[in-house]
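Geometric and topological summary
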Amino acid sequence: MEKNKSGKIKTSVWDKVFVVCNTLFMVAFVIITLYPVLNTLAISLNDGTDALRGGIYLWPRKWTFKNYITVLQKDNLITGAYITVARTIIGTLLALVANAILAFIVSRKNFIFKRSLSLFWVVTMYVNGGMIPTFLLYKNLHLTNSFWVYVVPGMVSAFNMLVIRTYMAGIPDSLEESAQLDGAGYTTIFVKIISPLCKPVYATVALFVAVGQWNSWFDAMLYNRMSSHLTTLQYELMKLLSSVTNQGTSAEAMKNAAGTVTPTSVRAAATVLTMLPIICLYPFLQRYFVTGLTIGGVKE
Amino acid sequence: MKKKTVTGIVLSVAALSVFLSVKTAGSRDTKIKEFTAFFDVSENEIDEYNEIMELIAQKTGARCREQWLVGKSSEEAIDGYIASGEYTDFISGDVALYEAGALIPIDLYWDDYPNIKNFMPAERWDRFRQPDGHIYWIPQFDVVSGKSKELLHEGEAFWIQTRVLKWAGYPRIRTVDEYFDLLEAYVAENPVMEDPFHEGQTLENIPFTILCDDWRYFCLENPPQFLDGYPNDGSCIVDAGTQTVKDYNITPTARRYFKKLNEEYHKGIVDREFYTQNYQEYLQKLSSGRVLGMVDQWWQFAYVVNGSLEIMSDQGCGYVPLPITIDQSVRNQWHVKRGAELSAADGISITVSCEDIEGAMKFINDLLDEEIIKLRYWGIEGTDYEVYENGVYYRTDEQRNAVRNPEYSRAHFCVYPYFPRIEGMLSDGLNAFAPEYQPGEFFDALVPDVKECLTAYGCRNYVEMLGTNEAPGPWYPMYSYSDMLTTDSEAGRVWEQMNSVKREFLPKVVMTDDFDAMWAQYMERYTACRPEIFFAEMQQELERRLQP
Amino acid sequence: MASQEKKKNITWKEIKKQKVLIIWSLVLVIYGVIFYYLPLAGWAMAFQDYKPKNGLFHSAFVGMDKFKQLFSDASFIRVIRNTLGMGVINLIVTFVMAILFAILLNEVKSNGGKKTVQTISYLPHFLSWIIVTGILHDALSSTGIINELLLKFHILDQPLNFFAHPKFFWPIVAFANVWKETGWNAIIYLSAITAIDPSLYEAANMDGAGRWARIRYVTLPGIKPTIMILLLMNVGNVLNAGFEIQYLLGNGLVQSVSQTIDIYVLKWGISQNDFSIGTAAGIFKSFVSIVLIVIANQIAKKNGEERLF
């Protein structure tokens, strides 16, 4: 903007000020964000009853792994972990394929039902029939007490579809046209040409879906409560959180530093445990984001 | 491409293992019947292979997997059941489930199961009959056989730490004024306590707090009924003489009590955060030993905080209840005999989804067997308790500690806490059905400072501190009716609004600088809800309950 | 206009050519009808006095009674106000913060620093509301760190009980949302920024544009489509202001500003076994959402901006 010399010097002074302020902002942001997480970590490593007295900030006062042991000793936790991993993998894959196909269809410029199909899905973001009809539907489809209730409903989501659609819209039409000249059908174009280019956006959607799958527990409670072999990790953890009531810990136990647990401390341990896998997964997916991800609408 | 192959393999292995795990989990010992149960409360889950559960299964040929409420969205879970018509074999039954046609009539099956049929006298059972004349649920608690020993006060009271009483030389405290005077005097001289975990450091005492988190706010709103010498009817008071229902929210006592709280709040005696603290924070405060007194129901705090307070026993941080009323002349009814509070509003039911109703009936029948009750509550003789030569049961210190170890409890004890039990004494006439109700065992298990304090007052348990009362009448407790009101009825909607106004104004009344103006405003908003509609409904119910 | 264009295009030849696309869309539409539209039959409950025993087909029809009951209840009007108020504030604040954060983070030169900050920024997304509200409650209590700081800097001379004052409630909720979701929401903007053609920045630099000018004329226009479309989508969500956080942080003193439609539905509907009221409120919410989204979409269309459909 300012093209004269003095302007440039001024800019660079301002630039330095900006860099300093920005760095300070980032540091403050990191502190505000990180503190509660570290606090949760500290509480998860601290004796439960001792933590009740407060005053734990970043470092445990009375170290113990008891909270983690309590969480990990839970019955069905292994089954739950198993199912959760399975639903995360299968659910993410199914959702990715379904959303990609849908996005591919609605991003074809000359597809005749383009607009109505988009509208059809956008509406689903804002209406729902409520719990009871949904329950009855799943029951009649024999989805209750089955693994498929985790991955089949909610497979297509308008939001994810829009994310992929936007990305696909950014791919030059010439690629599709030249492939068509070579006699390629839509299936080939989708599989061989568009999808390889869509890796970054697929990675993002995969992350969104995977996080959702990993964290959900309500469906396990609602639809599969009768089948303990279909329980999920998060449901087991939720059960733990709502059931632990520090069952009259004895003074003897506390003096021996054998460790005691409370709902707060167990909750903290469970939180840390559930955060871990996703945190580990993220940097792995993050490199795809660099290549670009956007969400956009239609603009004619 | 390689990557894809690897992903493919991983996926198929994962998928395969899911189905394999499904298969293997299904097979189990087939000789023992397995039932399922759901209870709409949060409780501790026990281990899947629990020793006493297996022992009971061997003796009775059945076990039951209990499911408890999970998370905040609990109501939705129950609605999910109702919506789907698919239930566990047992459930905590109530009117909603009865109306949904979910329950089977127990009285059609009970002829072969004397423990159920004779669980209560016929006229008591009649209170459980629904409009179609059948009985759909069995009460789990408060059915007493023989003479019951009243030891534990599980209900509401003004509690105080033993150190305050000891400091004052164990005075007789009878009124709200005396109670707060004592707290004021104590805290003036002892503003701090020793930090039990950091030598040489001190913690500030909190003289008085009240738990008000969400539905737990009843400890703020209901003391006026007790202070006037009425028992816990919950939503109203019943004048036994005239047999009329009265509103305790607008009595002179209510005004006097809240004015007192207001004064104490401004003196710094009432915790400044009493109204915004949540349950967790409240328990934290109590566990720290800093809270000198509070008004609360025992079960809300004792299970969680007693462990911590035990360590501070040498400082005298344990709690004892005091028989407080508004005036010396009023006789308190904080404690009413357990059997009296029998509520016909809910109990355990067998659902229409149960495929083996006879088996389910037999299971309940067996659980009421004395031998099984002993297993459920006392445990295994020689392991969990010992027997004196005279036949009286007791626990050694080691056994008491084992019971308090959560891991051991989960793996070993199986109380089936929401299945019916017979309270009171076992048939030997010597022992109570559970250790907490065994006089000797109860006292021996108390922490030293509470023992010392009770002894100083010539008492051996909480109930002796308060005195005990018979049930005031066949209507008791009235809350079992107001709890069942729904927004379908006008009374239910009024009741909801009354609570909403109270929730907003009671803390304002306590914290305000101008008590009279705020109280007037509160009363104005309160009467605008037209509480008379609610109390007319309660009066009708009272009359229904008074009919023979 | 668009429809005319479409009509012109529908020829047998075109349909034949697009056979695969049509078959796949049909499969997906069938899926959508089953899982999203079929349960809408449950909306009938709002016009009935629904009793589970009788089911959807045998419950008494009551017409608009449930809606009348809803709108004649002063507290329902109040919860609509609260929901809208918190929804709008949350929408604006979380939006601005996520965009601001993404842009500022993009200006951080050190690559390692950038990655570290971003990785940390989305951690709170994984904390459940129970934990977040627990931490907030601690921090804002009269002995909490916020009061400690305010006292130390003599901004206050007595600890302030934040949760006792209705005026603080909405800001606290907004702050909690910002804290929890800024990093996560920024992911999508950061990706959009990285997708901007680097040559645009080079050209700006050649023109001697300063940092501010680059942000103003390259970065912001580059992510504008993303901003617009997310804004559009979220406009429809303002009535989903939340349940858990208000439920966990609220108390009687602030209940006049803390209760949302979802809490209302739970309190009056579900816990009282009145499914009809809850359904009626749900229909109202869906209706408002769709009206809002259609209006927003039309405005966007008129201004030649990105739109949803």
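Residues numbered from 1 in each chain as written. Chains lettered and ligands numbered in written order. Predicted model: local features only at pLDDT ≥ 70, side-chain atom pairs only at ≥ 80, totals over all residues. Heavy atoms only, no water.

Moving on: the nonpolar core. Generally speaking, soluble globular proteins have nonpolar side chains that are buried together. Trp-121, Met-168 and Tyr-202 of chain A together with Tyr-189, Ile-223 and Leu-308 of chain C are the most contacted members of the largest nonpolar core, which totals 105 residues. Residue-level mapping places this core at the junction of two domains, with at least three residues from each of domain 1 (1-35) and domain 2 (71-302) of chain C. Grouped together as the second largest cluster of nonpolar side chains are 103 residues, Leu-220, Phe-443 and Leu-542 of chain B together with Leu-253 of chain C included. (Core = buried A, V, L, I, M, F, W, Y, C linked by side-chain atoms within 4.5 Å. Buried < 20%, exposed > 50% of the residue type's maximum accessible area, 1.4 Å probe, protein only. Domains from an automatic or database assignment.)

On to the interface of chain C and chain A. Opposite the 84 residues of chain C that make contact, chain A presents 84 residues. Contact between chain C and chain A buries roughly 7,800 Å² in total, counting both sides, with carbon and sulfur atoms accounting for 73%. Considering only the side of chain C, the residues that lose the most area to chain A are Leu-21, Phe-126 and Phe-309 of chain C, jointly responsible for 9% of the buried surface there. Across the chain C-chain A interface, the total number found is one salt bridge. (Contact = heavy atoms within 4.5 Å. Buried area = accessible area lost by both parts, 1.4 Å probe. Salt bridge = Lys/Arg side-chain N within 4 Å of Asp/Glu carboxyl O.)

Another aspect to go through is the confidence of the model for chain C. Residues and elements named next belong to chain C. Across chain C, pLDDT averages 83, with 94% of residues at or above 70. Mean pLDDT across the secondary structure elements of chain C bottoms out at helix α1 (residues 2-9), with 47, and peaks at helix α3 (residues 19-37), with 92. Across residues 1-6 the pLDDT falls below 50, and counting only partners more than four positions away or on other chains, this stretch makes three contacts in the model. The ipTM assigned to the predicted complex is 0.80, against a pTM of 0.77. (pLDDT = per-residue confidence, 0-100. Helix = DSSP H or I, 4+ residues; strand = E, 2+ residues; numbered from the N terminus.)

Residues and elements named next belong to chain B. With mixed pairing, the four strands of this open sheet are ordered in space as β8-β11-β5-β12. Edge positions in the sheet fall to β8 (206-210) and β12 (319-322), since each of these pairs with one other strand and no more. Between one strand axis and the next, the sheet turns through 25° on average, direction left out of account. Relative to β12, strand β5 (residues 156-161) runs antiparallel, the two being bridged by four bridges. Residue Gln-161 lies in a different strand from β12, and its bridge partner there is Tyr-319. (Pairing = 2+ DSSP bridges. Axes fitted to C-alpha atoms, helices over the stretch in contact; angles between N-to-C directions.)

Here the focus is the domain arrangement of chain C. Assigned domains of chain C: these are domain 1 (1-35) and domain 2 (71-302). Averaged C-alpha coordinates put domain 1 of chain C and domain 2 of chain C at centres separated by 38 Å.

This paragraph deals with the confidence of the model for chain B. When the pLDDT values of chain B are averaged, the result is 85; 90% of them are 70 or greater. For residues 16-28 of chain B, every residue scores under 50 in pLDDT, and the model assigns this stretch 14 contacts once sequence neighbours within four places are set aside.

Further remarks concern the sheet that holds strand β3 (residues 90-93) of chain B. Residues and elements named next belong to chain B. Taken together, the four strands give an open sheet; going across it, the order is β2-β1-β3-β13, and neighbouring strands pair in mixed fashion. Here the strands that pair on one side only, and so sit at the sheet edges, are β2 (62-68) and β13 (347-350). The sheet shows a mean angle of 30° between the axes of neighbouring strands, direction not considered. Direction of pairing for strand β1 (residues 33-39) relative to β3: parallel, over a ladder of two bridges. Within β3, the residue paired with Ala-37 across the bridge is Phe-90.

Moving on to the packing of aromatic side chains. All names here are of chain B. Tallied over the full model, the rule gives 71 aromatic pairs over all chains. Look at Trp-125 and Phe-128: their rings are 5.8 Å apart centre to centre, the planes differ by 70°, and that puts the pair in the edge-to-face class. Phe-128 shares its class with Trp-125; the two are buried. The ring of Phe-505 carries the charged tip of Lys-508 above its face, separated from the ring centre by 4.9 Å. (Phe/Tyr/Trp six-rings, centres within 6.5 Å; stacked < 30°, edge-to-face > 60°. Lys NZ or Arg CZ within 6 Å of the ring centre and 35° of its normal.)

On to helix α11 (residues 252-266) of chain B. Every α-helical turn comprises 3.6 residues, leaving residues that sit three or four positions apart pointing alike. Counted at 1.5 Å a residue, the expected span for α11 of chain B with its 15 residues is 21 Å, and the 21 Å between its end C-alpha atoms agrees. Downstream of α11 of chain B by a residue or two, Gly-268 of chain B has a phi angle that is positive, lying close to 85°. (Expected span 1.5 Å × (residues − 1).)

Residues and elements named next belong to chain B. Within the secondary structure, Arg-376 sits in helix α15 (residues 370-377). For Arg-376, which is buried and forms no salt bridge, the nearest opposite charge comes from Glu-66, at a distance of 7.6 Å. A distance of 3.1 Å separates a polar atom in the side chain of Arg-376 from the backbone oxygen of Tyr-416. Polar contacts involving the side chain of Arg-376 include one to the main-chain carbonyl oxygen of Phe-419, which spans 3.2 Å. (Lys, Arg positive; Asp, Glu negative; His and termini not counted. Polar contact = N/O pair within 3.5 Å; in protein donor to acceptor, adjacent residues only side chain to side chain.)

Another point: the packing of helix α4 (residues 77-106) of chain A against helix α5 (residues 114-124) of chain A. Residue and element names in this part refer to chain A. At a closest axis distance of 9 Å, the pairing of α4 and α5 adopts a crossing angle of 140°. Residues Leu-102, Ile-105 and Val-106 of α4 touch α5, and the partners they reach there are Lys-114, Leu-117, Ser-118 and Trp-121. Here the contact of α4 with α5 is built from residues that sort into five nonpolar, one polar and one charged. (Nonpolar A, V, L, I, M, F, W, Y, C, P; charged D, E, K, R; others polar.)

We now examine unusual backbone geometry. The residue after Tyr-476 of chain B, namely Pro-477 of chain B, is reached through a cis peptide bond having omega -5°. Among the secondary structure elements, Pro-477 of chain B is positioned in the loop between α20 (462-466) and α21 (479-482). Its identity is not glycine, yet His-142 of chain A carries a phi of approximately 60°, on the positive side. With respect to the secondary-structure elements, His-142 of chain A resides in the loop between α6 (131-140) and α7 (158-169). Located in the positive-phi region is Arg-530 of chain B, a residue other than glycine, with phi close to 55°. Look at Arg-530 of chain B and you get partly exposed, because its relative accessible area is 42%.

Let us now look at the state of the cysteines. All names here are of chain B. Under the defined criterion, the tally for this structure stands at zero disulfides over all chains. Among the cysteines around Cys-212, which has no disulfide bond, Cys-219 carries the closest sulfur, lying 8.1 Å off. The exposure class of Cys-212 is buried, given its relative accessible area of 4%. With no disulfide of its own, Cys-529 lies closest to Cys-236 among cysteine sulfurs, the gap being 17 Å. (Disulfide = S-S within 2.5 Å.)

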